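This is what each chain is made of:
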Amino acid sequence: MTCSAPDGLRGGASPHRSSIKGIGGAVLFPATLSLVTTRFTEGRECVRALAVWAGAGAGGLSLGALLGGVLTHAFGWEAVFLVNVPLVVAGAVGAFALLDVDGPRERGRGFDIPGALTGTAGLTLLVFAIAQGPEVGWNATSVLTSAVLAVALLTAFVIIEARTRHPLMPLRLFANPNLRAGLLVILAFGITMQNLVYFLTLYVQDVLGYSALQAGLAFLSLSVVIGIANFVAERLINRIGARATLIIALLLGSAGGALMAAGMRTDGSYWTILAGLVVYGTGMGTIYPTMFGISGTGVADKDQGAAGGMANTALQIGTGVGLAILVSVSASGLTGLTGEALRAATSDGLRNAVYVAAALTLAGILAALTIARRTTPATPSPRSPSPPFAEPPNERPLPNASTRKASS
């Protein structure tokens, strides 16, 4: 769990190296998601591929949590970053060996540099303002200036995207109701469920006193549950549809967060949070492939990369904004405390933050309810392509559904 800054990791790598890694992750995520949604036959096959894609992430979480603790314990925090090098090399070699050569590329297509600059700067300033507000006051000059500049830059971004020939984020994609709903669910997930692991890690280390290795072992059960739930999600989507699956996942995430918060006591232990971990992990594993799958439903193959980038952006915005809000909740009342008083107040603050996240998780249900009901998706024939989560025959077809191509 490198995000938790275990033990000596709280000083970490330089912002420059972190920024470069962030760029790599931002490029990789939509690329892998678009491979899944365009290379597999739409319907059951695509749903299964999404489950495998999400399961790979859960496997990485399991190994990362465990091996990250081992590496930190044995070699120091630097090893957590150095181990990425051989993994990246192996992934690059595997990509050349396993992936088909790209087809003909569109000639004369430019890159939306003004959109990239205004969008990135605007979102960064927005998250900065939200993060700094509770710390220095909402009337502080730095907060107000950042907020005003964020609004101006994001407004400019929308205008640029509406007018440029090759937009970074094609606004026409928002006409797809499934993409809109998927982005809202992802945003709610990022604000709430995505951030709970951060507070759990602080609890087991700062309150329970676990080492980096012990923390990795503690979260191994969570990762295993998430991986199993990824494949349960596949069956649920095919049986009851994406909307019902998302609602169930959000309810599980909220209930699991509340159970974990109840067990996050000063005199607690791994066993007092285990039930919450299992329920929360089930919700995490169920929602992940479903919300990203629905965000690509009805989107043409040529736009799958853009839709994946929009989904990843919604996740990152939600995570940043949610973390800023929840950290302010958890850190209130800690000033001037030391020793056992600080430990008790830390436990109370972390518990309150998780309770707030559990309550806010339910807001995602409002977005999920805007998705049309679905029956079990049938594997379509190449002549009759349909979205990954297909509509029943008696319902209105999704926008752009006819532009999707089933690949064998």
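Note that the coordinates shown come from a computational prediction; the quantities given were computed from them, not determined experimentally. (Residues numbered from 1 in each chain as written. Predicted model: local features only at pLDDT ≥ 70, side-chain atom pairs only at ≥ 80, totals over all residues. Heavy atoms only, no water.)

(A) Representation of helix α13 (residues 304–331) within the structure. Across its 28 residues, α13 extends 40 Å between first and last C-alpha, which sits within 8% of the 40 Å expected from 1.5 Å per residue. Trailing α13 by a residue or two, G333 shows a phi angle of about 85°, which is positive. (Helix = DSSP H or I, 4+ residues; strand = E, 2+ residues; numbered from the N terminus. Expected span 1.5 Å × (residues − 1).)

(B) Region of interest: the packing of helix α5 (residues 113–136) against α13. Between α5 and α13, the shortest axis-to-axis distance is 7 Å and the interhelical angle comes to 15°. One way to sum up the angle between α5 and α13 is to call them roughly parallel. Pair α5 / α13 crosses with right-handed handedness. On the side of α5, the interface is formed by L123, V127, I130, A131 and P134, while α13 contributes T313, I317, G320, V321, A324, I325 and S328. (Axes fitted to C-alpha atoms, helices over the stretch in contact; angles between N-to-C directions. Parallel < 35°, antiparallel > 145°, perpendicular 65-115°, else oblique. Left-handed = near helix turned anticlockwise from the far one by under 90°. Contact = heavy atoms within 4.5 Å.)

(C) Focus on the pattern of salt bridges. Counted according to the given criterion, the structure contains 4 salt bridges. One salt bridge connects E340 with R343, and the closest N-O pair in it is separated by 2.8 Å. Of this pair, E340 and R343 are both found in helix α14 (residues 339–361), 3 residues apart, which corresponds to roughly one turn of the helix. (Salt bridge = Lys/Arg side-chain N within 4 Å of Asp/Glu carboxyl O.)

(D) Quick look at the nonpolar core. If you look at the biggest cluster of nonpolar residues, it comprises 63 residues, and the most contacted ones within it are Y203, L246, Y280, I287, M291 and F292. Per-element tally for this core: the top contributor is helix α12 (residues 270–295), with 9 residues. Beyond its immediate chain neighbours, meaning those up to four positions away, M291 contacts G182, V185, I186, F189 and L246. (Core = buried A, V, L, I, M, F, W, Y, C linked by side-chain atoms within 4.5 Å. Buried < 20%, exposed > 50% of the residue type's maximum accessible area, 1.4 Å probe, protein only.)

(E) Up close: the environment of G227. In this fold, G227 is placed in helix α10 (residues 220–240). Using a relative accessible area of 16% as the deciding quantity, one classes G227 as buried. Along the chain, G227 and G57 lie 170 residues apart, while their C-alpha atoms are 8.1 Å from each other.

(F) Representation of the packing of aromatic side chains in the model. Within the structure shown, the criterion is met by 4 aromatic pairs. A ring pair is formed by Y270 and W271, whose centres lie 5.2 Å apart and whose planes are at 70°; its orientation type is edge-to-face. For Y270, a relative accessible area of 17% corresponds to the buried category. Following the ring pairs from residue to residue traces out a cluster consisting of F189, Y288 and F292. (Phe/Tyr/Trp six-rings, centres within 6.5 Å; stacked < 30°, edge-to-face > 60°.)

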